[in-house]
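The primary structure of each chain is shown beneath.
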Amino acid sequence: MISRTIAACLVASFATASFAQQSGLNESHLNALDKDGDGAISQSEFSDFTVFAFKKMDTDGDGALSPDEVDDHVVGDAFKILDDDGDGSVSEAEFSKQMQEDFSTADKDGDGQLN
Ligand SMILES: [Ca+2]
Ligand SMILES: [Ca+2]
Ligand SMILES: [Ca+2]
Ligand SMILES: [Ca+2]
């Protein structure tokens with residue numbers, strides 16, 4: 001449940017601002033992620049969001065997330081959860097791994113779509 005919160009926080013943090021603006025959608029965070037508008041979020045739509053979120057969060061562009069960069073968007077213990085190897089920064093691989101876990105957790109029926 002905690003891991004699911006990271007994805008949910010990120011969606012809330014990004015979908016309302018630039019993502020919703022780009023897509024012209026704002027009625028819900030899910031709609032902002034659903035690029036093809038089929039009413040569900042596919043694995044690839046979610047992966048696009050993962051890449052987008054990582055780049056947006058990495059404000060100094062060094063290819064890793066510092067605790068500050070994570071804390072700007074997600075409250076709580078997100079950094080500790082994301083930093084799998086405990087080296088004090090979150091790599092893109094660590095970030096995608098957690099986001100994919102979040103996707104699987106949220107996809108309760110396992111059909112690869114969130115709806
Ligand atoms: Ca879709
Ligand atoms: Ca960084
Ligand atoms: Ca790390
Ligand atoms: Ca599903």
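Anything mentioned here points back to the structure above.
The rules behind these values
- Residues numbered from 1 in each chain as written.
- Chains lettered and ligands numbered in written order.
- Predicted model: local features only at pLDDT ≥ 70, side-chain atom pairs only at ≥ 80, totals over all residues.
- Heavy atoms only, no water.
- Donors = N, O, S within 2.8 Å, 3.2 Å for Na, K, Ca; no water.
- Tetrahedral: all angles 85-135°; square planar, octahedral: opposite > 155°, others 65-115°.
- Buried < 20%, exposed > 50% of the residue type's maximum accessible area, 1.4 Å probe, protein only.
- Helix = DSSP H or I, 4+ residues; strand = E, 2+ residues; numbered from the N terminus.
- Expected span 1.5 Å × (residues − 1).
- Core = buried A, V, L, I, M, F, W, Y, C linked by side-chain atoms within 4.5 Å.
- Contact = heavy atoms within 4.5 Å.
- Axes fitted to C-alpha atoms, helices over the stretch in contact; angles between N-to-C directions.
- Parallel < 35°, antiparallel > 145°, perpendicular 65-115°, else oblique.
- Left-handed = near helix turned anticlockwise from the far one by under 90°.

Novice: In this structure, what is going on with the coordination of the calcium ion (ligand 1)? I would like to understand it.
Specialist: Ideal donor angles around a metal are set by the shape: a four-donor tetrahedron calls for 109.5 degrees, a six-donor octahedron for 90 or 180 degrees. Surrounding the calcium ion (ligand 1) are the protein donor atoms D34 (OD), D36 (OD), D38 (OD), A40 (O), E45 (OE) and E45 (OE), which sit 2.2 to 2.5 Å from the metal. Around the calcium ion (ligand 1) sit six donor atoms, and with donor-metal-donor angles ranging over 53 to 154 degrees the site reads as irregular. Binding-site remark: the calcium ion (ligand 1) is held by donors from one chain whose sequence spacing is D-x1-D-x1-D-x1-A-x4-E. Pair check on accessibility: A40 and E45 agree, each one buried.

Novice: I'm lost on helix α3 (residues 43-57) in this one. Help?
Specialist: Think of an α-helix as 3.6 residues a turn; residues three or four steps apart then line up on the same face. With 15 residues, α3 ought to run about 21 Å at 1.5 Å a step, and its terminal C-alpha atoms sit 21 Å apart, in line with that. Looking only at α3, the buried set comprises E45, F46, F49, T50, F52, A53, F54 and M57.

Novice: What am I meant to see in helix α6 (residues 92-106) here?
Specialist: Relative to the 21 Å expected for 15 residues at 1.5 Å per residue, α6 spans 21 Å between its end C-alpha atoms, a close match to the ideal helical length. Along α6, the residues that are buried comprise E94, F95, Q98, M99, D102 and F103.

Novice: Would you take a moment to explain the nonpolar core for this structure?
Specialist: Core analysis: the biggest nonpolar cluster contains 25 residues, and L10, F49, V70 and F95 have the highest contact counts within it. Among the secondary structure elements, those contributing two or more residues to this core are α1 (2-23), α3, α5 (78-82) and α6. Setting aside residues up to four positions removed in sequence, V70 forms contacts with M57, L65, A78, F79 and L82.

Novice: Sorry if this is basic, but what is going on with the packing of α3 against α6 here?
Specialist: Any two packed helices are characterised by how steeply their axes cross, that is the angle between the axes, and by the distance between the axes. Packing of α3 against α6 leaves a shortest axis separation of 10 Å and a crossing angle of 140 degrees. Between α3 and α6, the angle falls in the class oblique. Both α3 and α6 take part in a crossing whose hand is right-handed. Side by side, α3 and α6 meet where Q43, F46, S47, F49, T50, V51, A53, F54 and M57 of the first sit next to E92, F95, S96, M99, Q100 and F103 of the second.

Novice: Looking at this structure, how should I read the coordination of the calcium ion (ligand 3)?
Specialist: On the protein side, the calcium ion (ligand 3) has D83 (OD), D85 (OD), D87 (OD), S89 (O), E94 (OE) and E94 (OE) as donor atoms, found 2.3 to 2.5 Å from it. Binding-site remark: the calcium ion (ligand 3) is held by donors from one chain whose sequence spacing is D-x1-D-x1-D-x1-S-x4-E. Under the relative-accessibility criterion, S89 is labelled partly exposed at 23%. When its relative accessible area of 10% is taken as the criterion, E94 is described as buried.

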